[in-house]
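# Summary of the model geometry
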Amino acid sequence: MMLGTFFTDVISRYPKNIALVFGDQEVTYEILYAKAQDLIQSHTFSASPFVVIRGERTLEEYIAIAACWISSKPYIPLNPKFSESRCQQILSQLQNVAPEQLDSLAYIIFTSGTTGAPKGVPIHQSQVAQYALAMQKNINPMAEDVMLQIHDFSFDYSVMELVLAWTNGAKLIHVPNDKVVMAPRYVQDNNVTIWMSVPSLASMGYRLGMMPSNSLPTLRASIFSGEALNYETIRHFSLAAPNSKLLNLHGITEATVTDTFYEIDREMLNEEIPQNTSYQVIPMGWPHFGIEMELFNPNSSESVDGVGELCISGKQVTDGYLNNPDLNIQRFFDFDGKRWLRTGDLAEYSHEYGYCYRGRADRQIKFKGYRIELQDIESALRNVSKSDLVCAVPYPVLEDGTIEGLVGVIGKPPKGDLNVDQLLDALPNILPSYMVPAKVLMIDEMPLSINGKVDFKAVQDWVKARLI
Amino acid sequence: MNSFEVVNNLFINIFNDPTINLLPNMQTGDIPGWDSFKNVEILLACEKEFNIRFRSKEIDAMRTVGDLAAAIELKLANAQK
């Protein structure tokens, strides 16, 4: 099934439903369709094999995405936060795309590569349709549902928001870029029923005092994805949204937004600290409909028991990076007659909880002879500081790569302060001595990537500048 | 003190800078450290100070300090009716 067919079917079933609330404007599905058709008929739209979205999240951009869905034309989202040179790098990569490569694509999202060059991830219309079906099975969105659209179009979380609403006849409320932190207020004023966000948005809302107990009673399902979900964050959220199912999903752009599903057991959130270690970082659960997962050695195509690199196969996985054969060789391999994508995430399988996150394969370091996951230190920093925005940084690092120490960095809470000495005293109780950072630093504003995740590289640079 | 002056005092407290002298057309970014996160602090501080609650549509429409002060005035005037 193609996404366009899915969408036009919804438009014909729910023409009078509101598809989008944009400020004072309420756009019904039939008006959205009519405006999209006007755009499709225009010369500029029909003349180009793809549509570049500047990423301002204007009403016109929503209409352009709808037009792309209907006409099976790919859109390429940029972001006003991208530097001019990054935009140019992306646009120049598009110059070398053959028309057949664009055939039936839904979008190409560019993610950051380790070399800094943006890497294009082409996703087909059929893959988005497959994703929509999987989410219908998991979440069961309905035409009566109300959801927020808060994520940038260059972040594929926006695809989740658009797909969940627009393939089910539901209402999407646009939240302006500079008001995203106020998302809980938009939930309250619009009777929002489904929450979708990265965990850090929920923890910010809590820390700012916007999410006291029972403040979000209209929510019936809350979806977290995009980064590790820690116990503290979901516990606070569960109290604010007492009627909501709580769901944690693993996701990667290369496999069309999200690929697992885990429903959190509210009974497990009763205490201030997790009674079960499996809930310190919330499990990712099981692959959803149409996805297969296995754990492999990060350096080979050998299947492993215990902790391994999470690899994905199935219809949602991209055919490969745009014009990047070297990266395709690194990130894809064949095993057992199937093609597998390396996610770069480490995981462990449990019969009770499904796949459990164990950090990033590329954030594993060797220190004093021990193999250490920086995420394990971050998980401890989160627990003792009650702050979600934390980062563990290897420092100093010698020229030959030898790591001589560890530094913990914690985002300063908006109100009050944290006692660093107390934190350092608490860490040896939960971490082996070789993993306890020698120093813990407070940072006024934790550097975040465009997608709102901690920017490890920028934090590392900050630590270097601070401690030199 | 009118609402604008009260808002100015709230900014002084939030940014811990007694030299702040707001102009009606000032907006996010015009003071060092004034980001979307600070905007929430500012809005919540105004709500507490004036004992009002902004609706998300009103928040949507705010761009400048002048918009914020006008929205406060309107809320206070409506409350008196």
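Keep in mind that this is a model prediction, so the values were computed, not measured. (Residues numbered from 1 in each chain as written. Chains lettered and ligands numbered in written order. Predicted model: local features only at pLDDT ≥ 70, side-chain atom pairs only at ≥ 80, totals over all residues. Heavy atoms only, no water.)

### Observations regarding the overall build of chain A
- Across its full length, chain A holds 15 helices and 23 strands.
- Expressed as lengths along the three principal axes of its C-alpha atoms, the size of chain A is roughly 65 × 50 × 45 Å.
- Evaluated residue by residue, chain A yields a buried proportion of 56% over its 468 residues.
- Of the contacts formed within chain A by residues at least 6 apart in sequence, a portion of 66% connects residues at least 24 apart.
- Surface accessibility of chain A: about 19300 Å² in total, with carbon and sulfur atoms responsible for 49%. (Helix = DSSP H or I, 4+ residues; strand = E, 2+ residues; numbered from the N terminus. Buried < 20%, exposed > 50% of the residue type's maximum accessible area, 1.4 Å probe, protein only. Contact = heavy atoms within 4.5 Å. Areas by Shrake-Rupley, 256 points an atom, 1.4 Å probe, with all protein chains shown as cover.)

### Focus on the packing of helix H1 (residues 3-13) of chain A against helix H2 (residues 29-41) of chain A
All names here are of chain A.
- The contact between H1 and H2 brings their axes to 8 Å, and the two run at 130°. For the element pair H1 / H2, the angle class is oblique. Relative to H2, the crossing made by H1 is left-handed. Of H2, the residues touching H1 (which contributes Phe7, Thr8, Val10 and Ile11) are Tyr29, Leu32 and Tyr33.
- Of the residues contributing to the contact of H1 with H2, the split by class is six nonpolar, one polar and no charged. (Axes fitted to C-alpha atoms, helices over the stretch in contact; angles between N-to-C directions. Parallel < 35°, antiparallel > 145°, perpendicular 65-115°, else oblique. Left-handed = near helix turned anticlockwise from the far one by under 90°. Nonpolar A, V, L, I, M, F, W, Y, C, P; charged D, E, K, R; others polar.)

### A short note on the interface of chain B and chain A
- Counting residues at the interface gives 20 residues for chain B, matched by 18 residues for chain A.
- For the chain B and chain A pair, buried surface summed over both sides reaches about 1700 Å², with 54% attributable to carbon and sulfur atoms.
- Among the residues chain B hides against chain A, the three largest losses belong to B:Phe37, B:Ser56 and B:Asp60. Together they make up 31% of the total.
- Put simply, chain B and chain A have three salt bridges between them.
- Here chain B is connected to chain A by nine residue pairs in polar contact (both at pLDDT 80 or more).
- Those elements giving two or more residues to the side of chain B that touches chain A turn out to be helix H2 (36-50) and helix H3 (56-61) of chain B.
- If you tally residues by element for the side of chain B that touches chain A, the top one is H2(B), at eight residues.
- In the side of chain B that touches chain A, the residues fall into seven nonpolar, five polar and eight charged. (Buried area = accessible area lost by both parts, 1.4 Å probe. Salt bridge = Lys/Arg side-chain N within 4 Å of Asp/Glu carboxyl O. Polar contact = N/O pair within 3.5 Å; in protein donor to acceptor, adjacent residues only side chain to side chain.)

### A short note on unusual backbone geometry
Residues and elements named next belong to chain A.
- Of note, the amide linkage connecting tyrosine 395 to proline 396 takes the cis form, showing an omega dihedral of -5°.
- Tracing the chain through its elements places proline 396 in the loop between strand E21 (390-394) and strand E22 (406-411).
- Positive phi is not limited to glycine here, since arginine 57 has a value of about 60°.
- With phi around 60°, asparagine 214 is a residue other than glycine that occupies positive phi space.
- The residue asparagine 214 is located in the loop between helix H10 (199-207) and strand E10 (221-224) in this model.

### Thoughts on the side chain of A:Gln127
- By the element assignment, A:Gln127 lies in helix H7 (residues 125-139).
- Within polar-contact distance, the side chain of A:Gln127 engages the backbone oxygen of A:Val317 at 2.7 Å.

### Let's talk about the environment of A:Gln364
All names here are of chain A.
- One can find glutamine 364 in strand E19 (residues 364-367).
- For glutamine 364, a relative accessible area of 31% translates into the label partly exposed.
- Taking the C-alpha atoms as reference, glutamine 364 lies 34 Å from alanine 221; in sequence the two are 143 residues apart.
- Residues within four places of glutamine 364 in sequence aside, it is in contact with Leu346, Arg371, Ile372 and Glu373.

### What to know about the pairing of strand E17 (residues 338-350) of chain A
All names here are of chain A.
- Examined bridge by bridge, strand E15 (residues 308-314) and E17 share four bridges and lie antiparallel to one another. Paired with cysteine 311 across the strands is arginine 342, a residue of E17.
- Direction of pairing for strand E16 (residues 332-335) relative to E17: antiparallel, over a ladder of four bridges. Counterpart to aspartate 334 in the pairing with E17 is arginine 339.
- The loop that links E16 with its antiparallel partner E17 comprises two residues; one of these, aspartate 336, has a positive phi angle of about 55°.
- Pairing analysis gives five bridges linking E17 to strand E18 (residues 354-360), with the strands arranged antiparallel. Looking at E18, one finds that tyrosine 349 is bridged to tyrosine 355.
- Turn length for the E17-E18 hairpin, with the two strands adjacent in sequence and antiparallel, is three residues. (Pairing = 2+ DSSP bridges.)

### Notes on H10(A)
- With eight of its nine residues buried, H10(A) lies for the most part within the structure.
- For H10(A), the complete set of buried residues consists of A:Pro199, A:Ser200, A:Leu201, A:Ala202, A:Ser203, A:Met204, A:Gly205 and A:Arg207.
- Tucked inside the fold, the buried residues of H10(A) contact helix H9 (183-190), strand E9 (194-197), E10 and helix H11 (231-240) of chain A together with H2 of chain B.
- Following H10(A) by one or two positions, A:Gly209 has its phi on the positive side, about 80°.

### Here's the deal with the pairing of E9(A)
Residues and elements named next belong to chain A.
- The two faces of E9 match: Ile194 and Met196 on one face and Trp195 and Ser197 on the other face are all buried.
- Alignment of E9 against E10, held across four bridges, turns out to be parallel. What sits directly across from tryptophan 195, in E10, is serine 222.
- Regarding topology, H10 serves as the crossover connection from E9 to the parallel E10, and that connection is right-handed. (Right-handed = clockwise from strand over helix to strand, strands pointing away.)

### Some remarks on the environment of A:Lys245
Residue and element names in this part refer to chain A.
- Its location among the elements puts lysine 245 in strand E11 (residues 245-248).
- Residue class for lysine 245 comes out partly exposed when judged on its relative accessible area of 38%.
- Separated by 106 residues in sequence, lysine 245 and isoleucine 139 place their C-alpha atoms 9.3 Å apart.
- In contact with lysine 245, not counting residues within four places along its chain, are Arg220, Ala221, Ser222 and Glu263.

Nothing here speaks to function; it is all geometry.
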